[in-house]
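Residues per chain, in single letters:
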Amino acid sequence: MKNKRTEKLKKILDEIWNLTDSPLYKYRKKNNYYPVIGEGSHFAKIIFIGEAPGRTEAGTGKPFCGPAGKILDELLESINIKRQDVYITNIVKDRPPENRDPTIKEIEIYSPFLTRQLEIIKPEIIATLGRFSMEFIMKLYKLENKLQKISLLHGQVFETNTLWGKTKIIPFYHPAVVLYNSNQLTLLKNDFQALKYVCNV
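Okay, so let's go over this structure. From a predicted model like this one, the values you see are computed outputs, not experimental measurements.

### Some remarks on the overall build of the protein chain
Link 1 in the chain: On a plain count of helices and strands, the protein chain comes out with nine helices and six strands.
Link 2 in the chain: Here the protein chain has a C-alpha radius of gyration of 16 Å; the compact-globule value for 201 residues is 17 Å, and the two agree.
Link 3 in the chain: Dimensions along the principal axes, computed over C-alpha positions, put the protein chain at roughly 40 × 40 × 35 Å.
Link 4 in the chain: Looking at the 201 residues of the protein chain, the share that counts as buried comes to 51%.
Link 5 in the chain: The long-range share in the protein chain, meaning contacts at least 24 apart out of those at least 6 apart in sequence, stands at 69%.
Link 6 in the chain: Working note: accessible area of the protein chain is about 10300 Å², and carbon and sulfur atoms make up 50% of it.
Link 7 in the chain: Distance from the positive charge centre (31 side chains) to the negative charge centre (22 side chains) of the protein chain: 2 Å.

### Considering the sheet that holds strand E2 (residues 46-50)
Link 1 in the chain: Strand order in the open sheet formed by six strands is E1-E3-E2-E4-E6-E5, and the pairing between neighbours is mixed. Of all the strands in the sheet, the pair left with one neighbour each is strand E1 (39-40) and strand E5 (158-162).
Link 2 in the chain: Relative to strand E6 (residues 165-172), strand E4 (residues 125-129) runs parallel, the two sharing five bridges. For Thr 128, the partnering residue across the bridge sits in E6 and is Pro 171.
Link 3 in the chain: Sitting on the sheet, helix H6 (residues 131-140) touches E2, E4, E5 and E6, and the angle it makes with E4 is about 145°.

### Focus on the nonpolar core
Link 1 in the chain: If you look at the biggest cluster of nonpolar residues, it comprises 57 residues, and the most contacted ones within it are Ile 46, Phe 48, Ile 137, Phe 192 and Leu 195.
Link 2 in the chain: By residue number, the principal contributor to this core is helix H5 (residues 104-121), which donates seven residues.
Link 3 in the chain: The residues touching Phe 192, leaving out its near neighbours within four places in the chain, are Phe 48, Leu 72, Leu 75, Leu 76, Ile 79 and Phe 172.

### Thoughts on the pattern of salt bridges
Link 1 in the chain: Enumeration over the complete set of coordinates arrives at 11 salt bridges.
Link 2 in the chain: Of the charged contacts in the structure, one is a salt bridge between Arg 28 and Asp 94, with a shortest N-O distance of 2.8 Å. Taken together, the residues span a long stretch of sequence, with Arg 28 in helix H2 (residues 25-30) and Asp 94 in the loop between strand E3 (87-90) and H5 at a distance of 66 residues. Comparing Arg 28 with Asp 94 shows no difference in burial state: the two are buried.

### Things to note about the side chain of Ser 41
Link 1 in the chain: Positionally, Ser 41 belongs in the loop between E1 and E2.
Link 2 in the chain: Among the polar contacts listed, one links the side chain of Ser 41 to the backbone nitrogen of Phe 43, at a separation of 3.0 Å.
Link 3 in the chain: In this structure, Ser 41 is in contact with Gln 84, Asp 85, Val 86, Tyr 87 and Ile 121, ignoring residues within four places of it in sequence.

Cut-offs and rules
Residues numbered from 1 in each chain as written. Predicted model: local features only at pLDDT ≥ 70, side-chain atom pairs only at ≥ 80, totals over all residues. Heavy atoms only, no water. Helix = DSSP H or I, 4+ residues; strand = E, 2+ residues; numbered from the N terminus. Rg over C-alpha atoms; globule rule 2.2 N^0.38 Å. Buried < 20%, exposed > 50% of the residue type's maximum accessible area, 1.4 Å probe, protein only. Contact = heavy atoms within 4.5 Å. Areas by Shrake-Rupley, 256 points an atom, 1.4 Å probe, with all protein chains shown as cover. Lys, Arg positive; Asp, Glu negative; His and termini not counted. Charge placed at Lys NZ, Arg CZ, Asp CG, Glu CD. Pairing = 2+ DSSP bridges. Axes fitted to C-alpha atoms, helices over the stretch in contact; angles between N-to-C directions. Core = buried A, V, L, I, M, F, W, Y, C linked by side-chain atoms within 4.5 Å. Salt bridge = Lys/Arg side-chain N within 4 Å of Asp/Glu carboxyl O. Polar contact = N/O pair within 3.5 Å; in protein donor to acceptor, adjacent residues only side chain to side chain.

Here is the structure:
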């Protein structure tokens, strides 16, 4: 089972390496960046989904390893969850120039890889980080009627049916908000208590 999941995820990585149709492919090659598929347990109960890799992530091939990643680590630590026990990824697997928001076309190209990752790992909880991943995941799992601004939904728990069974979805602000407003750390830590509750940790 372990090798099967790992092999399937490796296949996704190989496909993204050669994704010449992506509008971000040339930018990646020009800057000697890596695609960032994800990192963590292939049997994770929780998957965190951000928007797209930043410069540090694209330079290493690891998700959330820059300043926002340090905030995420602090949030996980605040509810006694180890980073190696979760899986962390993004919708878009290559870095957009100047860390701009991903475009609709980029999301359309990369999101099928994310859908496959979810179906391989089969998480019990999907934690979205930021509005792009929140909107994509809630639409994907037929929760459009619940969609509102992230300022109204953050920290709430939604339950939906997936191919592998009932799954909870919890939207969070992106950890990067703390880099612009340190007061948001308290809000994020409070929201992460919802994650602690549904995980029983």
